[in-house]
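Descriptive analysis of the structure
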Amino acid sequence: MIKLRLLALLLLVLGISLILASPSQAHHGGPLLPLVPNTPLMQSIIRTEAYTWCVNATGAAYPGFVAQVRDVQDQYAARVGIRHRQVDWGTPATTGCQVQHNFVPGLQCGGCAAHVFYANNPVVVEYAADRAYIDWRSTVGHEDGHALLGLHEQYDDVSFRCLTDRTWTVMSCGTGVRYPQPFDVQNGCAALATSWCGIAAAE
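Scope of this entry: the structure provided in the associated data block. (Residues numbered from 1 in each chain as written. Predicted model: local features only at pLDDT ≥ 70, side-chain atom pairs only at ≥ 80, totals over all residues. Heavy atoms only, no water.)

Buried residues dominate strand β2 (residues 50-55), accounting for six of its six residues. Side-chain alternation along β2 places Ala 50, Thr 52 and Cys 54 on one buried face and Tyr 51, Trp 53 and Val 55 on a second face that is also buried. Sheet topology note: the β2/strand β3 (residues 83-86) ladder contains four bridges and is parallel. Counterpart to Trp 53 in the pairing with β3 is Gln 86. (Buried < 20%, exposed > 50% of the residue type's maximum accessible area, 1.4 Å probe, protein only. Helix = DSSP H or I, 4+ residues; strand = E, 2+ residues; numbered from the N terminus. Pairing = 2+ DSSP bridges.)

Structure, rendered in structure tokens:
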């Protein structure tokens, strides 16, 4: 358990909307992250077809943020089949929250808009609140791709440059893509390996 927690801390995944936006070739190895699908959240989703999420007080006070998070979760439900429910801020042991959307003023993450600890329980998504975006949906959709589907980055994750032509995935950056695309659904559902994943999108 201790080794898993240490590995989770080391597997900090940078979010989307990086400052640099020059296209380059991606340098990662495959569509999926390490440990997938054996994270606590993904194993729970496999069993229940659902998960819970919550927003900290800073995020809840940010204009439109909760509605934007809900919109992205609705699209994951429609396209992937993973149901969702908002609960009060807390942990799985306190409020049942499995994914924490955490607005953090002053967050230092190398120019990112957010990053996610996808193997933690609860999953922790930290947003760089100081960016003051009007619309956070592409960031939320990207981080959900890591947490819910185990997807790897599809930008250049060596020099951290966006591949803005990759509109076929929510896993690049600078594209404006808010929701999982067929590429994301296909690879995420292959990782979840259930009979229900992606069925709604295919109908």
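The structure having been displayed, the exposition proceeds.
All right, on to helix α6 (residues 182-192) then. Those residues of α6 that fall on the buried side of the exposure criterion are Asp 184, Val 185, Asn 187, Gly 188, Cys 189, Ala 191 and Leu 192. If you follow the buried residues of α6, they end up packed against α2 (40-48), α4 (65-79) and α5 (137-149). With its phi angle positive at about 55 degrees, Ala 193 sits one or two positions after the end of α6. (Contact = heavy atoms within 4.5 Å.)

Per the stated rule, a full pass over the model turns up five salt bridges. Note that Arg 137 and Asp 71 form a salt bridge whose closest N and O atoms lie 3.2 Å from each other. Of this pair, Arg 137 sits in helix α5 while Asp 71 sits in helix α4, and the two are 66 residues apart along the sequence. Judged by relative accessible area, Arg 137 falls into the buried class, the value being 18%. Relative accessible area serves as the criterion here: at 21%, Asp 71 is assigned to the partly exposed category. A salt bridge links Asp 156 to Arg 161, with the shortest nitrogen-to-oxygen separation between them at 3.7 Å. (Salt bridge = Lys/Arg side-chain N within 4 Å of Asp/Glu carboxyl O.)

Applying the stated criterion to the full structure yields ten aromatic pairs. On the basis of an interplanar angle of 90 degrees and a centroid distance of 6.4 Å, the ring pair of Phe 65 and Trp 136 is categorised as edge-to-face. Linking Phe 65 in helix α4 with Trp 136 in the loop between β6 (123-128) and α5, this pair joins segments that are 71 residues apart in sequence. Looking at Trp 136, the relative accessible area reads 0%, which means it is buried. By way of ring pairs, the aromatic residues Tyr 62, Phe 65, Phe 103, Tyr 127, Tyr 133 and Trp 136 are connected into one cluster. (Phe/Tyr/Trp six-rings, centres within 6.5 Å; stacked < 30°, edge-to-face > 60°.)

A separate point is the pairing of strand β5 (residues 114-117). With burial as the criterion, each face of β5 is covered, one bearing Ala 114 and Val 116 and the other bearing His 115 and Phe 117. For β5 and β6, the ladder comprises four bridges, and the chain directions are antiparallel. Counterpart to Ala 114 in the pairing with β6 is Tyr 127. Here β5 hands over to β6 after five residues, the two strands then running antiparallel side by side.

This part takes up the state of the cysteines. Here is the idea: a disulfide is a covalent bond, and it sits between the sulfur atoms of two cysteines. In total, this model carries four disulfides according to the counting rule given. With its sulfur 1.9 Å from that of its partner, Cys 109 forms a disulfide with Cys 112. Judged by the torsion about the S-S bond (-110 degrees), the Cys 109/Cys 112 disulfide is left-handed. Accessibility expressed as a relative area gives 3% for Cys 112, which makes it buried. Paired by a disulfide, Cys 162 and Cys 173 hold their sulfur atoms 2.2 Å apart. Its S-S torsion of approximately -115 degrees makes the covalent link between Cys 162 and Cys 173 left-handed. With Cys 162 in the loop between α5 and α6 and Cys 173 in the loop between α5 and α6, this residue pair connects regions lying eleven residues apart in the sequence. Take Cys 162 and Cys 173: they sit in the same class, and that class is buried. Numbered by order of appearance in the sequence, the disulfide-linked cysteines of the chain pair as 1-2, 3-4, 5-6, 7-8. (Disulfide = S-S within 2.5 Å.)

Turning to the environment of Thr 194, a few remarks are in order. Following the sequence through the fold, Thr 194 ends up in the loop between α6 and α7 (199-202). Along the chain, Thr 194 and Ile 45 lie 149 residues apart, while their C-alpha atoms are 9.8 Å from each other. With residues up to four places along the chain from it excluded, the contact list for Thr 194 reads Ile 46 and Cys 189. A distance of 3.4 Å separates a polar atom in the side chain of Thr 194 from a polar atom in the side chain of Trp 196. Polar contacts involving the side chain of Thr 194 include one to the main-chain amide nitrogen of Cys 197, which spans 3.2 Å. (Polar contact = N/O pair within 3.5 Å; in protein donor to acceptor, adjacent residues only side chain to side chain.)

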